[in-house]
Amino acid sequence: MAGQGSGGNVIAAICNVFFPGLGQLVQGRLLAAIIFAIITVGGYALWFLVVPAVIAAVVHLWAIIDAAKYSSRG
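Please read these numbers as outputs of a predicted model, since none were measured by experiment.

Conventions adopted
- Residues numbered from 1 in each chain as written.
- Predicted model: local features only at pLDDT ≥ 70, side-chain atom pairs only at ≥ 80, totals over all residues.
- Heavy atoms only, no water.
- Helix = DSSP H or I, 4+ residues; strand = E, 2+ residues; numbered from the N terminus.
- Buried < 20%, exposed > 50% of the residue type's maximum accessible area, 1.4 Å probe, protein only.
- Phe/Tyr/Trp six-rings, centres within 6.5 Å; stacked < 30°, edge-to-face > 60°.
- Patch = residues over 30% accessible without salt bridge, like charges linked within 9 Å, V, L, I, M, F, W, Y side chains within 5 Å.
- Areas by Shrake-Rupley, 256 points an atom, 1.4 Å probe, with all protein chains shown as cover.
- Salt bridge = Lys/Arg side-chain N within 4 Å of Asp/Glu carboxyl O.

Trainee: Explain unusual backbone geometry to me, please; I cannot follow it from the model alone.
Mentor: A positive phi angle is found at Val50, which is not glycine, with a value near 65 degrees. Relative to the elements of secondary structure, Val50 occurs in the loop between helix H3 (30-45) and helix H4 (51-69). Judged by its relative accessible area of 52%, Val50 falls in the exposed class.

This is the structure:
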């Protein structure tokens, strides 16, 4: 990736809109992808409890922003 704001980061952020963690997977960050996916999908699955769904929505938004701002430079 070329860095924050690059075309790759925009594509990764858009991927996260459709499935949380997919953007991190596109960027080659497997652990982050798994964590975002498990927390978000698990929270959305428990929508009837309200609080997990709210937490999942926040983590989903966090995954999108994380993919958009990711910089491979250490």
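Trainee: Quick question: what am I supposed to make of the packing of aromatic side chains here?
Mentor: Across all of its chains, the model carries two aromatic pairs by this definition. When the ring of Phe36 is compared with that of Trp62, the centres are 5.5 Å apart and the planes differ by 85 degrees; the resulting orientation is edge-to-face. Placement of Phe36 in helix H3 and of Trp62 in helix H4 is noted, with a sequence separation of 26 residues between them. On the accessibility criterion, Phe36 (7% relative accessible area) is buried.

Trainee: Could you clarify how one ought to interpret a nonpolar patch on the surface in this entry?
Mentor: A cluster of nonpolar side chains, namely Val10, Ile14, Val17, Phe18, Phe19, Leu22, Leu25, Val26, Leu30, Ile34, Ile38 and Val41, defines an oily patch on the protein surface of about 1,100 Å² accessible area. Those elements that place two or more of their residues in the nonpolar patch are helix H1 (7-18), helix H2 (22-26) and H3. Leu30 gets classed as exposed once you look at its relative accessible area, which sits at 52%.

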